[in-house]
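Notes for the structure review
Take a look at the letters that make up each chain.
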Amino acid sequence: MEKSNSFLVAALLLLFSNSLPSLASPPNAVVAPVYLDTTKYLYTVSLGSVRDYLLDLGGHSVWSVCPRHRTHVTFPCKSQQCSLAAASTSSNSGDVSCHGHTCNIRVQNPITGRRAWSELTYTESAFKATNGSRAGKSVTFHNVMSSCAPPHLLMGLPAGSIGCLGLGGSNLDLDFQLTSFN
């Protein structure tokens, strides 16, 4: 993927001051590098090392293709996490389902429009804390709800992308989750 450095910007996500109780002075905001893929004119954001997600301003969740060699946490259909996912997608009837007693959500590739079932799970998201003028220490959020999607959903995304980062206004999008950490 050709990344344009001239379009490198910082994505500010405001946090509640108590969202990171383990830090001596919790940050009010965090930043992550955002890149323009000049071959597709799409923006990606890096959350940790080589973890590029397509920024999906209308997306309702965070999804990625999970590595085959690693296991991931899944949630039972009657879990609190599955209930949150169902409440988050209530306007899109049928977007939460149980497959073999495991909670699944339907996610969509915003480029191709293809949809697929994906297992609800957790992921980590890494940012830099900021005081508003410069980036500081790394901050990792564990237990960000996401889902493991099938590899065919990566079609059409910028090269190197592992999934989509939704910011579209639901309980499962990243900005809602980061502001909800206690």
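Placed above this text is the structure.
Residues numbered from 1 in each chain as written. Predicted model: local features only at pLDDT ≥ 70, side-chain atom pairs only at ≥ 80, totals over all residues. Heavy atoms only, no water.

Moving on, we get to the layout of surface pockets. Estimates place the volume of the largest pocket at around 400 Å³. In terms of lining, the largest pocket is formed by 19 residues, of which the most central are Arg51, Pro67, Arg70, Tyr122 and Thr123. For the lining of the largest pocket, the secondary-structure elements that each account for two or more residues are strand S10 (115–130) and strand S11 (135–148). The element best represented in the lining of the largest pocket is S10, accounting for four residues. Residues that form the lining of the largest pocket fall into these classes: eight nonpolar, eight polar and three charged. (1 Å grid on protein atoms, 1.4 Å probe; cavity = no way out; pocket = protein on both sides within 12 Å on 5 of 7 lines; lining within 4 Å. Points joined across faces, edges and corners; volume = space filled by probe spheres on them. Helix = DSSP H or I, 4+ residues; strand = E, 2+ residues; numbered from the N terminus. Nonpolar A, V, L, I, M, F, W, Y, C, P; charged D, E, K, R; others polar.)

What the rule picks out here adds up to two salt bridges. The salt bridge partner of Arg106 is Asp95, with a shortest N-O separation of 3.4 Å. Residue Arg106 is found in strand S9 (residues 102–108), and its partner Asp95 is found in the loop between helix H1 (80–88) and strand S8 (96–99); the two are separated by 11 residues along the sequence. The shortest N-O distance in the salt bridge between Asp95 and Arg115 comes to 2.6 Å. Separated by 20 residues along the polypeptide, Asp95 in the loop between H1 and S8 and Arg115 in strand S10 bring together distant segments of the chain. Given the relative accessible area of 6%, Asp95 is considered buried. We classify Arg115 as partly exposed; its relative accessible area is 42%. (Salt bridge = Lys/Arg side-chain N within 4 Å of Asp/Glu carboxyl O. Buried < 20%, exposed > 50% of the residue type's maximum accessible area, 1.4 Å probe, protein only.)

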